[in-house]
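# Overview (structure and organization)
Below are the chains, spelled out letter by letter.
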Amino acid sequence: MKSLLIALAALLMSCTSATSSQQKSPDMQKNVEFIVSQSQGGTQQAGFRIIKEEKDFRNIIKGSFGVIDAGGDDSYIKYPQFPKNKKVVLYNLGSFRSGSHTINEIKSISVKNNVLYVEVPEGEPSGGMEIQVLSNPWFLFTVPADYQFTSVELKYSK
């Protein structure tokens, strides 16, 4: 009887630890915010970094408008507020030879086993002949501050 009770407790503990390794809130859409996306300016390798300072955040936004910092007045740019209670993630999609690979929407996010899964709409194939243009798309978004992850993976869906 004692061993059965211990086995049941071990099973219960393993179930509760398995559910805690996946973070997904029912009101996720309120917690994720899509900020900006561009088809150029990212790195050649896919990857991410967390933006921790408002100055870095503003420079990224400024770069998305194609503004070169020449010491001039950039007061005409309407910057979004830097979120104090969320993590800001800059994700570079890598390098592409043709087609449009910009992300314009985030459908859902979740964290499982220290991987942030970001579900985005699958791109529409353009068909026909395309001009070969090298692009390095990237996008900026926020996630809840309590999400803990060491990598980001895009999941494409229809």
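Look up a bit, the structure's there.
The model shown is predicted, which means the values in this text are computed figures rather than measured ones.

We now examine the side chain of Thr-142. Relative to the helices and strands, Thr-142 resides in strand 7 (residues 138-144). A relative accessible area of 0% means that Thr-142 is categorised as buried. The residues touching Thr-142, leaving out its near neighbours within four places in the chain, are Asn-31, Val-32, Glu-33, Ile-35, Pro-83, Lys-86, Lys-87 and Val-88.

Residues Ile-109, Leu-116, Val-118, Phe-139, Phe-141, Val-143 and Phe-149 are the most contacted members of the largest nonpolar core, which totals 18 residues. Those elements that provide at least two residues to this core are strand 4 (86-92), strand 5 (108-112), strand 6 (115-121), strand 7 and strand 8 (151-157). Those residues in contact with Phe-139, other than ones at most four positions away along the chain, are Phe-34, Val-36, Ser-37, Val-89, Leu-90, Tyr-91, Leu-93, Ile-103, Ile-106 and Leu-154. By size, the runner-up hydrophobic cluster in this structure holds 12 residues, among which are Ile-35, Ile-61, Tyr-79 and Leu-140.

Where strands meet in a sheet, backbone hydrogen bonds hold them as pairs that are either parallel or antiparallel. Within the open sheet, the four strands sit side by side as 2-7-4-3. Their pairing is antiparallel. The sheet is open, and its two borders are formed by strand 2 (33-38) and strand 3 (47-51), each paired with just one other strand. This sheet shows a mean twist of 25° between the axes of neighbouring strands, independent of strand direction.

A separate point is the packing of aromatic side chains. Summed over the entire model, instances satisfying the criterion amount to five aromatic pairs. On the numbers, 5.7 Å between centres and 45° between planes, the contact of Phe-48 with Phe-149 is tilted. One end of the pair, Phe-48, is in strand 3; the other, Phe-149, is in the loop between strand 7 and strand 8, with 101 residues separating them in the sequence. The exposure class assigned to Phe-149 is buried, which follows from its relative accessible area of 10%. Seen in terms of ring centroids, Phe-57 and Phe-82 are 5.2 Å apart; in terms of plane orientation they differ by 65°. Their pairing is edge-to-face. Here the residue Phe-57 occupies a position in helix 3 (residues 54-64), and Phe-82 occupies one in the loop between helix 3 and strand 4, the gap between them amounting to 25 residues. Comparing Phe-57 with Phe-82 shows no difference in burial state: the two are buried.

The rules behind each value
Residues numbered from 1 in each chain as written. Predicted model: local features only at pLDDT ≥ 70, side-chain atom pairs only at ≥ 80, totals over all residues. Heavy atoms only, no water. Helix = DSSP H or I, 4+ residues; strand = E, 2+ residues; numbered from the N terminus. Buried < 20%, exposed > 50% of the residue type's maximum accessible area, 1.4 Å probe, protein only. Contact = heavy atoms within 4.5 Å. Core = buried A, V, L, I, M, F, W, Y, C linked by side-chain atoms within 4.5 Å. Pairing = 2+ DSSP bridges. Axes fitted to C-alpha atoms, helices over the stretch in contact; angles between N-to-C directions. Phe/Tyr/Trp six-rings, centres within 6.5 Å; stacked < 30°, edge-to-face > 60°.

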